[in-house]
Amino acid sequence: MSAGELARAARPMRHRARLAGIFAAALTALPAGAQDAASILALICGRTVHYFSPELGNQIEYTAPDGSAYLWHSGNEGLVLGTWEVTEITPDIGEVCYVYRPGSFGADDPGSEFCFDWEMLISDVPQDGVRDGDPYNLASGLRPFALPFTRPVSVAALRTEFPDQPPERACGTLMM
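Residues numbered from 1 in each chain as written. Predicted model: local features only at pLDDT ≥ 70, side-chain atom pairs only at ≥ 80, totals over all residues. Heavy atoms only, no water.

Student: What am I meant to see in the overall build of the protein here?
Tutor: The helix and strand tally for the protein stands at four helices and seven strands. Mapped from its N terminus to its C terminus, the protein presents α and β elements in the order α-α-β-β-β-β-β-β-α-β-α. When the 176 residues of the protein are sorted by exposure, 47% land in the buried category. A total accessible area of about 8900 Å² is found for the protein, and carbon and sulfur atoms account for 56% of it. (Helix = DSSP H or I, 4+ residues; strand = E, 2+ residues; numbered from the N terminus. Buried < 20%, exposed > 50% of the residue type's maximum accessible area, 1.4 Å probe, protein only. Areas by Shrake-Rupley, 256 points an atom, 1.4 Å probe, with all protein chains shown as cover.)

Put into structure tokens, the structure is as follows:
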């Protein structure tokens, strides 16, 4: 069992999900083995990340610097609103947890928390799937259009309709 697995096993069990893909262009500035909390914070804070897996369809999430999260999901009629927080499990291992409001994933949903370490977080992100800022204006609370479920959206095609934005201000501190 790796150090990260041991550290996670020592924490209280949380509902975890797996989102699946390959990172490339947006991550070239980060070390190949980056798994610490600071690397996770640098990757997602003030950015919009695209995810795709056959099981969950398309998901696009804007992680705002103020701790708000706006999930545009192919399985939902509207945006899923929540909060996010990056924590340090050990000096070398971090995780991000998203907490969503009750009813976000169906009428019987009491509220959901999903936590991801570095590997789980990036596993479903397509090439060029990390964009600065909120290019789709998800913080408005409105989704631009219904995302397809069965095929990944083209990030390159979306860039033509929703241009890149300048990077956002730095995010807050890590939770230890």
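Student: So what exactly am I meant to see when it comes to the environment of E95 here?
Tutor: Assignment of secondary structure puts E95 in strand 5 (residues 93–100). Judged by its relative accessible area of 0%, E95 is buried.

Student: Explain the pattern of salt bridges here, please?
Tutor: Should the charged atoms of two oppositely charged side chains come close, the side chains can pair. Using the criterion set out here, one finds three salt bridges in the structure. Two residues, D132 and R47, come together in a salt bridge whose shortest N-O distance is 3.0 Å. In this pair, D132 is assigned in strand 7 (residues 130–132) and R47 in strand 1 (residues 47–53), connecting sequence segments 85 residues apart. Overall, R47 belongs to the partly exposed group, its relative accessible area being 24%. R159 is the partner of D164 in a salt bridge, and the nearest nitrogen-oxygen pair spans 2.5 Å. Where salt bridges share partners, they join R131, R159 and D164 into one cluster. (Salt bridge = Lys/Arg side-chain N within 4 Å of Asp/Glu carboxyl O.)

Student: Hey, could you run me through the environment of L121 in this one?
Tutor: Inspection of the secondary structure puts L121 in helix 3 (residues 118–122). As for L121 and V49, which are separated by 72 residues in sequence, their C-alpha atoms are 9.9 Å apart.

Student: Any chance you could explain the side chain of S104 here in plain terms?
Tutor: Turning to its location among the elements, S104 is positioned in the loop between strand 5 and strand 6 (112–117). We classify S104 as buried; its relative accessible area is 12%. Beyond its immediate sequence surroundings of up to four residues, S104 is in contact with N76, V80, L81 and D109. (Contact = heavy atoms within 4.5 Å.)

Student: Hey, could you run me through the sheet that holds strand 1 in this one?
Tutor: Remark on secondary structure: sheet strands pair via backbone hydrogen bonds, oriented parallel or antiparallel. Strand order in the open sheet formed by seven strands is 6-5-4-3-2-1-7, and the pairing between neighbours is antiparallel. If you trace the sheet from one side to the other, it starts and ends with strand 6 and strand 7, each paired once. Looking at each pair of strands side by side, their axes are set apart by 25° on average, direction ignored. Here strand 5 runs beside strand 6; their pairing, made up of six bridges, is antiparallel. For Y98, the partnering residue across the bridge sits in strand 6 and is F114. Most of the contacts of helix 2 (residues 37–44) go to strand 4 (residues 80–90), to which it runs at about 155°, and overall it touches strand 1, strand 2 (57–63), strand 4, strand 5, strand 6 and strand 7. (Pairing = 2+ DSSP bridges. Axes fitted to C-alpha atoms, helices over the stretch in contact; angles between N-to-C directions.)

Student: Which parts of the structure should I look at to understand the environment of G67?
Tutor: Structurally, the position occupied by G67 is in the loop between strand 2 and strand 3 (68–73). By relative accessible area, which is 15% here, G67 ends up buried. Along the backbone, G67 and E85 are 18 residues apart, and their C-alpha atoms lie at a distance of 6.6 Å.

Student: Teacher, can you tell me more about the state of the cysteines here?
Tutor: Every disulfide links exactly two cysteines, by a covalent bond between their sulfur atoms. Under the criterion given, the structure shown has one disulfide. Here C97 is linked by a disulfide to C115, with a sulfur-sulfur distance of 2.1 Å. On the S-S bond that ties C97 to C115, the torsion sits near 115°, and the link is right-handed. Note that C97 is positioned in strand 5 and C115 in strand 6, a separation of 18 residues in sequence. The exposure class of C97 is buried, given its relative accessible area of 6%. Under the relative-accessibility criterion, C115 is labelled buried at 0%. (Disulfide = S-S within 2.5 Å.)

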